[in-house]
Amino acid sequence: MPNFDKHPAGNFVWFELSTNDQAAAKSFYTSLLGWEAQDMPMGPGMIYTILRLKGRGTAGASTMKAEDRQVGIPPNWLMYIAVENADAAVASALEHGGNPMSPAFDVPGVGRMAVIQDPAGAIFAVFEPGQHHGVGIFAEPGAFCWVDLQTSDRDISARFYGALFGWKFSPGRDKDPDGYLHISNQGAFIGGLPPERTLQPHVPPHWMAYIQTTDCAAQTAKAEQLGARVLVPPMAVEDTGHISVLADPQGAVFALYAPSH
């Protein structure tokens, strides 16, 4: 089993669901993926749910703030990226055209973090680990395994993330520079940049996380039975496997991926 005590800086380390119905979301994801849910009080009227697979942390969930719902922010998954220093990451993001949504702040007993909007508009978080190291399981059935950035300007996005995290971007198997680009961090592939044309009209740039499965079609059908909407039906990709894209019953978007091997 890989050692998850220290994730490399620049890797995705945590996945967090903001939803308008925390109890229903817990029911959906535990039923679909076999996750276990543990509720933790985080202050007056706030419960943070740790979601685990095989006893290891895989994600978190909380209820959206009323002010976020009022301005029309939909339920969503937020990706956290590991950094050595959250304050330095905020300063670097600002220097390279990003928009920090707040200064870096401490989460007691967890670590230090900040939420940042990239120059094209996609939102992500940086995380400086403290007592919490991030996910304890990755790239196994039922766990997150990959992340895509759907953006309206790949050149701007690649420059920003390359400067901020040292990421490299390379074409996929077809070697088409206008096709899918793979993101590598410290020599390991961690995500991708689909072509700009795949971003649907009126959909803002966003990060989307993939959850691994052994059978994409069966898991997609199960999700639909549990109340999810199928946005992209199961389809083959680049001879590597099958994917589908779903919105959970509250509207948060995620993808499923079944490797072909």
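Reading guide: rules and limits
Residues numbered from 1 in each chain as written. Predicted model: local features only at pLDDT ≥ 70, side-chain atom pairs only at ≥ 80, totals over all residues. Heavy atoms only, no water. Buried < 20%, exposed > 50% of the residue type's maximum accessible area, 1.4 Å probe, protein only. Helix = DSSP H or I, 4+ residues; strand = E, 2+ residues; numbered from the N terminus. Arc of directions from axis to C-beta. Contact = heavy atoms within 4.5 Å. Polar contact = N/O pair within 3.5 Å; in protein donor to acceptor, adjacent residues only side chain to side chain. Salt bridge = Lys/Arg side-chain N within 4 Å of Asp/Glu carboxyl O. pLDDT = per-residue confidence, 0-100. Lys, Arg positive; Asp, Glu negative; His and termini not counted.

**Observations regarding helix α5 (residues 216-225)**
Consideration 1: Residues of α5 that are buried: C216, Q219, T220 and A223. What you see down the axis of α5 is that its buried residues fit within an arc of 100°, all on one side.
Consideration 2: Next to the buried residues of α5 lie α1 (22-33), β15 (229-237), β16 (241-247) and β17 (253-259).
Consideration 3: Capping the start of α5, D215 holds a side-chain oxygen 3.2 Å from the backbone nitrogen of A217, two or three residues further along.
Consideration 4: Backbone geometry just after α5 places G227 at a positive phi near 110°.

**Re the pattern of salt bridges**
Consideration 1: Summed over all chains, the structure comprises 4 salt bridges.
Consideration 2: As a salt-bridge pair, D39 and K26 come within 2.7 Å of each other at their nearest N and O atoms. Taken together, the residues D39 in strand β2 (residues 36-41) and K26 in helix α1 connect sequence positions 13 residues apart.
Consideration 3: D87 is the salt-bridge partner of R112, the closest N and O atoms lying 2.7 Å from each other.

**Considerations on the environment of L149**
Consideration 1: Tracing the backbone through its elements, the reader meets L149 in strand β10 (residues 144-150).
Consideration 2: Under the relative-accessibility criterion, L149 is labelled buried at 1%.
Consideration 3: In sequence terms L149 and P205 are 56 residues apart; their C-alpha atoms lie 7.5 Å from each other.

**With respect to the confidence of the model for the protein**
Segments scoring low in pLDDT should not have their predicted coordinates read at a detailed level.
Consideration 1: Per-residue pLDDT for the protein has a mean of 92; in total, 96% of the residues score no lower than 70.
Consideration 2: Across the protein, the secondary-structure element scoring lowest on mean pLDDT is helix α2 (residues 66-70), at 79, and the one scoring highest is α5, at 98.

**Observations regarding the side chain of E16**
Consideration 1: Looking at the element boundaries, E16 is found in strand β1 (residues 12-19).
Consideration 2: Of the side chains bearing the opposite charge, K65 lies closest to the buried E16, which forms no salt bridge; the N-O distance is 9.4 Å.
Consideration 3: When sequence neighbours within four positions are dropped, the list of residues in contact with E16 reads Y48, G60, N76, W77, L78 and Y80.

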